[in-house]
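Residues per chain, in single letters:
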Amino acid sequence: MKECLVIGKTHAGKTLFALNFAHYLGVTNLEITFRHPNGLIAKKTYSLAAARRELVGPAPHMTRALQSFVLDLPVGKGAKRCTFTDTSGLIDHIHADVEVRRAIAQTLGAIREADLILHLVDAAAVGRTDAPSALGEVDYQVAQFAQLRSGYAVLANKMDLPGAAGGLERLKLELPGHAVFPISALYKRGFREVKGFVQRYL
Ligand SMILES: Nc1nc2c(ncn2[C@@H]2O[C@H](COP(=O)(O)OP(=O)(O)OP(=O)(O)O)[C@@H](O)[C@H]2O)c(=O)[nH]1
Ligand SMILES: [Mg+2]
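Please read these numbers as outputs of a predicted model, since none were measured by experiment.

**Student:** Quick question: what am I supposed to make of the environment of Ile-91 here?
**Tutor:** Note on placement: Ile-91 falls in the loop between β5 (78-86) and α3 (98-113). For the pair formed by Ile-91 and Thr-10, sequence separation is 81 residues and the distance between their alpha carbons is 6.6 Å. Ile-91 has contacts with Thr-10, His-61, Ile-104 and Val-138, leaving out every residue within four places of it along the chain.

**Student:** Would you explain the site of ligand 1 in this entry?
**Tutor:** In the vicinity of ligand 1 lie 23 residues, with Thr-10, Lys-14, Thr-15, Thr-63 and Asp-160 positioned nearest. At a separation of 2.6 Å, an oxygen atom of ligand 1 approaches a polar side-chain atom of Thr-10. One of the side-chain N or O atoms of Asn-157 is found 3.1 Å from an oxygen atom in ligand 1. With respect to the detected pockets, ligand 1 is housed in the largest pocket. Looking at the shell around ligand 1, the element that brings in the most residues is helix α1 (residues 14-24), giving three residues. Residue composition of the shell around ligand 1, by class: nine nonpolar, ten polar and four charged.

**Student:** Hey, could you run me through the coordination of the magnesium ion (ligand 2) in this one?
**Tutor:** Four donors placed tetrahedrally about a metal ideally form angles of 109.5 degrees, and six donors placed octahedrally ideally form angles of 90 or 180 degrees. Surrounding the magnesium ion (ligand 2) are the protein donor atoms Thr-15 (OG1) and Thr-63 (OG1), at 2.0 to 2.1 Å. You can see Thr-15 sitting in helix α1 and its partner Thr-63 sitting in the loop between α2 (48-55) and β4 (66-75), a full 48 residues away along the chain. The same class applies to Thr-15 and to Thr-63, which are both buried.

**Student:** Looking at this structure, I do not really get α1. What am I missing?
**Tutor:** Of all the eleven residues making up α1, nine are buried; the element is thus mostly covered by neighbouring parts of the structure. Residues of α1 that are buried: Lys-14, Thr-15, Leu-16, Phe-17, Ala-18, Leu-19, Asn-20, Phe-21 and Ala-22. Two residues or fewer past α1, Gly-26 is found with a positive phi of approximately 95°.

**Student:** Help me out: how do you make sense of the pairing of strand β3 (residues 41-47) in this one?
**Tutor:** Strand residues, when the strand is regular, have side chains that alternate between the two faces of the sheet. Of the strand pairs in this sheet, strand β2 (residues 29-35) and β3 are connected by seven bridges, and their pairing is antiparallel. Residue pairing for β3: Phe-34 is matched across the bridge by Ala-42.

Rules of the game
- Position labels on residues start from 1 in each chain and follow its written sequence.
- Labels are handed out in written order, letters beginning with A for the chains and numbers beginning with 1 for the ligands.
- Thresholds applied to this predicted model are a pLDDT of at least 70 for local features of residues and 80 or more for the giving and counting of side-chain atom pairs; totals over whole chains, interfaces and linings are not thresholded and use all residues.
- For side-chain calculations, the full set of non-hydrogen atoms in the structure is used, while hydrogens and water are omitted.
- Helix numbers and strand numbers start at the N terminus; a helix is a DSSP run of H or I with at least 4 residues, a strand a run of E with at least 2.
- Here, two residues are considered to be in contact whenever any of their heavy atoms come within 4.5 Å of each other.
- Think of it this way: one heavy atom of a residue within 4 Å of a molecule or strand is enough to make that residue near it.
- Think of a polar contact as two N or O atoms within 3.5 Å of one another; within protein, one of them needs to be a possible hydrogen donor and the other a possible acceptor, and neighboring residues in sequence only count if both atoms come from side chains.
- Space inside and on the surface of the protein is sampled on a 1 Å grid over the protein atoms alone, with a cavity defined as a set of points where a 1.4 Å probe fits but cannot get out and a pocket as an open set with protein on both sides within 12 Å along at least 5 of 7 lines; lining residues have an atom within 4 Å of a point.
- Cavities and pockets are treated as containing a molecule whenever more than half of the molecule's atoms lie within 2 Å of their grid points.
- Each residue gets one of three labels, nonpolar for Ala, Val, Leu, Ile, Met, Phe, Trp, Tyr, Cys and Pro, charged for Asp, Glu, Lys and Arg, and polar for the others, Gly among them.
- Shown as donors are all N, O and S atoms within 2.8 Å of a metal ion, widened to 3.2 Å for Na, K and Ca; because water is not in the atom set, sites may appear incomplete.
- Whether a residue is buried, partly exposed or exposed follows from its accessible area with a 1.4 Å probe, protein chains only, as a fraction of its type maximum: under 20%, in between, or over 50%, in that order.
- Two strands pair under a simple rule: DSSP has to find at least two bridges between them.

As structure tokens, then:
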């Protein structure tokens, strides 16, 4: 089964996107497998509402494990199955907490293995920055690495927030030749285009 990995900086909205995308595809209950950086594996079943409540958060470094579930995407008259994996968020510096560092190392390891990569960027945050480069170091490095592969797209998230439209334009300028899809994970906007992209690479 192919694996679709959701990556990006902490707080970009990866977990909310993964859960709401599953909801958009008709899932109501999710069995999530947690693969922790220390090797521990656990499974838990959630309703969508409970998953959003427990796994999405306002503070950074909310996700600390690879969190996978199975998704069926309609293809022709049937469906194609993939593993959809949410990851621990990346940062531009080295974190003081060793647990966060291990979680980040685990995310970087998973990038190598994935068949398809969805790279979430907070477009509203990009719109706010006055740095000469809108993409921070880690987003830039990830884009450089991932663009060598075919199934790679940037999802410009939080398009519902002020400043995001400007952020999207800057992202497109700095990532020429990349697929960049504007979305709102919160309001499930732009999901049809993301679905089309994922279907193409399954
Ligand atoms: N307005 C708005 N808020 C969003 C959107 N997507 C995510 N958020 C909010 O952003 C915050 C972070 O969301 P998460 O999904 O936990 O972010 P994450 O990328 O998984 O973060 P880590 O697990 O720390 O890497 C939460 O408060 C979300 O409600 C969006 O499209 N619009
Ligand atoms: Mg998360």
